[in-house]
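Take a look at the letters that make up each chain.
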Amino acid sequence: MKTKRAKTLDSLPKPVLLGFIIVLVALAFVVQERLNTQRGELSNAYLEPLQNAPPMLVLTTQALSGFRGIISSYLWLRANEAQLDKRYQEQMQLSQWVSQLQPTVPTVWVNHAWNMSYNLSVKYPDQETRWKYVQEGVRLLRDEGIKYCPQEPLIYHELAWIFQHKIGHNMDDHHRFYKQQWMNNMTAVLWENQEEAQALRGVPNFDALINPPTPEIAERVSDLRKIYKLDPREMKAVAMKYGRSTLPNGDVVDALDWRIPETHSIYWAHMGLKRCANNPSRESAMRKVERIIYQSMMYAFERGKLVVDPATGNLGFQDVTKGMGAIAGGASPDLKASWWTIPNLDITENTHAAYIEMVKRANEVRGEDTYSTFETAHFNFMRRAINWFFYYHREDEAIKWLEICANRYPEKFVYYPGYTPGDGFKKGKVNLDEFVFYKYEDDLKRGNYEKTVGLIRGLLIRHFLFLAEGDEVEGQKYYDKFKDVHTRYVNRFKNAAANRVRLLGREAFEVMVLTDLLANEGPVRAAQLRTAIGLAADEWPKHSPPGSGQ
Amino acid sequence: MDSLPFFSFETPFLMSWVGMGLRGLLLAGLFGAIIWSLADRRIRHVAALTWKTAFRLRFMWVMILLLVVIVGGLPAVLRDDGSAKGMAQIILTYTLSMTTGILGFATLWLAVGSMARDIGDCQMQMVATKPIARWQIWLGKWLGIMGLNLLLLGLAGSVVYGMMEYRASHMDEAQYKMLKDRSDEEVINLAIQSWQQGELRIEQVVQVDEEKKVLKEDAQGRYIPRPIEELKRLLASLPRKKLREQVLVSRASLDLEDVLVLYGTNNLGVSFRDWRKSNREAEEEKAMQEVLKLMQQNVAAQKQGERITAVPPEMQQQIKRDIRLQYSMLSQLVVPKTGRRLVFRKPFGSFNEDRGLVLRFQLEDSRMSFKTDRKYKMSLYYSRDGKEQGPPPQVRLYSARTHIEEPLIAVARMVTEEGVTNKISIFGTNDLMYVDLFNEETPQQGQEYLGVIRLPFVDDRTGELNPRGIEVMYYEGGFLKNYLRALAIVFAWLGVLAALGLAAASFMSFSMAVFACSGVLLISFCTGIMKDVVADDTVMQTWTDGQRDASIVDFFAVNSFRVMVSVISPVKDYSPIKDLTDGRAITWGQLARAYSYIWGLSGLLIFGVGTLIFTRRQLAITDSDE
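Only a predicted model underlies this, so the values are computations on that prediction, with no experimental measurement involved.

## With respect to the overall build of chain B
- The secondary structure content of chain B amounts to 19 helices and 18 strands.
- Considering chain B as a whole, with its 626 residues, one finds that 46% of them fall into the buried category.
- Considering only contacts in chain B between residues 6 or more positions apart, those separated by 24 or more positions represent 76%.

## So, helix 19 (residues 588-616) of chain B
- Along its 29 residues, helix 19 of chain B runs 39 Å from first to last C-alpha, staying within 8% of the 42 Å computed at 1.5 Å per residue.
- Its axis deflected by about 35° at G603 of chain B, helix 19 of chain B carries its strongest bend there.

## Let's talk about the pattern of salt bridges
- Evaluated as defined, the whole model comprises 47 salt bridges over all chains.
- We note a salt bridge from K166 of chain A to D172 of chain A, for which the minimum N-O separation is 2.8 Å.
- Classification of K166 of chain A by relative accessible area gives buried; the value is 5%.
- With relative accessibility at 2%, the residue D172 of chain A sits in the buried group.
- Close ionic contact of R485 of chain B with E476 of chain B constitutes a salt bridge, the shortest N to O distance being 2.7 Å.
- On the basis of relative accessible area, E476 of chain B is assigned to the buried category, the value being 18%.
- One continuous salt-bridge network, built from bridges that share partners, spans K241, E290, E357 and R361 of chain A.

## Observations regarding the confidence of the model for chain B
- Here chain B averages 84 in pLDDT, and 92% of its residues register 70 or above.
- In the predicted structure, residues 1-9 of chain B sits below a pLDDT of 50 and forms 25 contacts with residues beyond four places in sequence or in another chain.

## Quick notes on the pairing of strand 14 (residues 432-439) of chain B
Residue and element names in this part refer to chain B.
- Among the eight residues that make up strand 14, eight are buried, leaving the element largely enclosed by the rest of the structure.
- Of the two faces of strand 14, the one carrying L432, Y434, D436 and F438 and the one carrying M433, V435, L437 and N439 are both buried.
- Of the pairings in the sheet, the one linking strand 9 (residues 375-383) to strand 14 comprises six bridges and is antiparallel in character. Following the sheet pairing, M378 is matched in strand 14 by N439.

## As for helix 11 (residues 228-246) of chain B
- Between its terminal C-alpha atoms helix 11 of chain B stretches 27 Å, which fits the 27 Å expected from 19 residues at 1.5 Å a residue.
- The sharpest bend along helix 11 of chain B measures roughly 30° and falls at L238 of chain B, with the proline P239 of chain B sitting one to four residues further on.

## Some remarks on the packing of aromatic side chains
- Within this structure, the stated rule accounts for 39 aromatic pairs over all chains.
- Ring geometry for F301 of chain A and F381 of chain A: centres 5.1 Å apart, planes at 80°, overall edge-to-face. Within this pair, whereas F301 of chain A is found in helix 15 (residues 283-303), its partner F381 of chain A is found in helix 17 (residues 374-391), the two being separated by 80 residues in sequence.
- Residue classification places F301 of chain A among the buried positions, given a relative accessible area of 0%.
- Residue F381 of chain A is classed as buried on the basis of its relative accessible area of 1%.
- Geometrically, the ring pair formed by F31 of chain B and Y595 of chain B is tilted, given 5.8 Å between the ring centres and 50° between the ring planes. Placement of F31 of chain B in helix 2 (residues 17-39) and of Y595 of chain B in helix 19 is noted, with a sequence separation of 564 residues between them.
- The partly exposed category is assigned to F31 of chain B, whose relative accessible area is 34%.

## Points about the sheet that holds strand 9 of chain B
- Strand order in this open sheet of six strands is 5-4-7-14-9-10 (chain B), and the pairing throughout is antiparallel. Two strands in the sheet have a free side with no partner beyond their single neighbour: strand 5 (270-271) and strand 10 (394-399) of chain B.

Basis of the calculations
Residues numbered from 1 in each chain as written. Chains lettered and ligands numbered in written order. Predicted model: local features only at pLDDT ≥ 70, side-chain atom pairs only at ≥ 80, totals over all residues. Heavy atoms only, no water. Helix = DSSP H or I, 4+ residues; strand = E, 2+ residues; numbered from the N terminus. Buried < 20%, exposed > 50% of the residue type's maximum accessible area, 1.4 Å probe, protein only. Contact = heavy atoms within 4.5 Å. Expected span 1.5 Å × (residues − 1). Bend = angle between axes of the 7 residues up to and from the residue. Salt bridge = Lys/Arg side-chain N within 4 Å of Asp/Glu carboxyl O. pLDDT = per-residue confidence, 0-100. Pairing = 2+ DSSP bridges. Phe/Tyr/Trp six-rings, centres within 6.5 Å; stacked < 30°, edge-to-face > 60°.

What follows is the structure in structure tokens.
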């Protein structure tokens, strides 16, 4: 009996079983793709397997199967509870786990990125930690969300929104720090140094980035692709479509500055429109991405030009270390310390085109009525453009845009001074001054930081240019308006945090605008101006002492 | 709102001296019994056999391997918020939670496996024929499992502790590397920021003229900073200092006796309870009259001749409930130019007064916008008598976004004319200290912002003082002591799980016992939902005409949940890991209470039921017979 048992094979020898396993796994490998396709065709609930996911993520998603939802819900609840309890240290980890457990659900990425960038960042008082959380929100969407949901418009919209609003806008006390950090990051990968970036006005050499001529540029491009996921070809396409303009003098310029966040908002919205075009089920979400394009173009128009202090050649940043001047070596609040942007009038045409394109797309593709939405936004943009051209002493262009606007939206001008129904604004008879100041009170009451800085700059430009022309009465009129705008804004925001939306002092503004005009308005105008205000030849206006002039 | 809605072990009786004495006796009896059991040769043998069984199970080895991987590898992959404090908190939270989870699962599996398999394989019949009582077999198995837990928890705990200490001690160098390439201006600004935030003293940041004992100034009258290298080293040491002061420490809270509502600086204040009661009663009366009037008008319009003379009782209850809730909230709202005086009692035992106290609180502003980092101007004053015997008032700007910690001086030394040093404690002769928080906001006329701040010192569930709302904390001891006490509570949990597994396996097969225990565990994770159901008095979450809907299962569900919450919560609510990572003391008193509830009540109950069943069951009838 014993001998018989020993010779009986209850099961196959282990090496044979191992062989079977290997063959079966190989077969599974061969037929898996076909099986997946069939599962996709036959089951509505089937989700495509993750592509390019790291092994750990694939293992987790496959091994946990249906339990992923439960675990994810638990982790999400834990994250919410911790947040309510003001315990933030776990949030990054929990967000990563929750998103990775359900990588194909776009709202998970969107929600966590928003939570990181908006809710959690502001819980920390220091700017470095805040910036870390804002970046984490960007990273979640850009590096992972897009990877797992490449055709999901919501992901692109949220990413573009963080650039446009969280980094670009002034809602956060440390928004200037974010802008500065982002500019430093971009300068490091797009140009050799800050001077080059400044000389090229924030426009990289796209051809050199596409075909790097030197190892140094190749290394930078590698970082650009790996870290920031920016494709130089797509950047060039964006620059061509939204940034290339022909100036009134015939010069062709690339006017989108790649150091400012608004340009990156346009880039990611552009990528969203391109990659999600073939995703008909997400048609309604595409509308949000379309909107981001023209909104960001509008902001790039309104605050898209970085101002350089002509006296020092520095890009300015608002001082965020107020009060440090009490100790030697600490930074003092001064004129150099101001992130100062002004309207980028060079992209007016492109912004207008972006509005037109989005209106057309909404009308034709979705049959949407855009009169009270996209078109009202378009009208408001053109009205602003008219104002800025006027303030910047480019009245011909202001009238040109007034005519375009009146032709397109005649019914919106019915109550404006100088408008005649049927004729519009009669050429040669338009009183621009009257037109612009018709909504002056409204602008003053609602004007945000950027608008007010732009308005102040415009009023001062007009003040100085009238002085240079010898028209002191007109010059004084604009100076009075400048004082009025400044005082009213200061009163309106006197309780706001110093480093968020507080204006520099009046004297500081005067010095900056005057210096800028002397540097950029040509020798004749500069000489007239110097004479009018009593400056010697080659003399520059003096910067006021730190903190003065408020 | 004035009474506790659930049964609580923290009743005045159990917290009294008699209660503490009884608890002490219970614990002494419990541990005495354990030590006596260990002295018994037969019980020791069963425990040793349990160890052998455990190490024969592949499952145990897998669990041990998992424990090693988790404790050793998890800290390397975890992502924190970048701060030293965050790093320590997240490592402690996850490694200890995972250790508890793995050991808990292993304990349950081992307990069920060792008992159910012994019975199922009929080995228990052989043991039971020996001169050993059934309860001794049961206890021997429990002690064996707990011995194994002690070993594994000790190992895992030592590794986590060692890792934390290593990281904390090497933090300075890592921080210094980050500061190394910063410009001089940045370093000076960082030092100034740290000074402004109270992390450094001014004389640590700027040079001091040692002879004149004044801060050195340059020609422009600006203070001269200390050498940059010195500042870098100083800044590099701050995260470690913060870590040691806020996380790797054991800080206990003083008892908050009362909160007084203050209307002016010279006002003695009135207890928030009295304030609430007097305002509430007037409001209730007014609301009742209004409702009655409305009802009378309605009825008069519909039915001529009928007249209502009183508000129905259920509506009265509802009105009272709403107004109580409203005044509970209002008592915490501090409008500008008013304040709250918090009365704290000195701890029972002695404590190191020289290390000072820390006031920990938070502000809330429901109108706070995401746009701004508004800072709220408040004045802080603390004293031994609520009047003038304390340091001068400090005016501070506080954020509503995070917990605020404000250091307080606990003792001052005064030298008399005779040269004798007198210690003056911040606690008066009545052992009380008074902390005044005054709202100094001045909202502009016509502005939407009203400057109303909420100081959340009331537990919304009970309407009574929330001991975690506003705290004054004192240094109770070092991190190691706290850490060991936290592990001791984890060990107590494991003890209950082992008892639960053994009790279930005493009358169920292996698979059934595992299933049943998992069910109990699952229920224990849902106590939060159960508490909500009990508080709402229904399982329904919907409303109709302003009334919450009811369900036919409410009677059964609410009552059974009430019982479950009462049984499970005291065991589960001792969560040492959260306290440990917050740097809160798990005091000896808490530890004793935890053991008396977890082992003394739940453990003994399960032990009693388990051994009773095991003693009375027929060992020969097993699954294998069926």
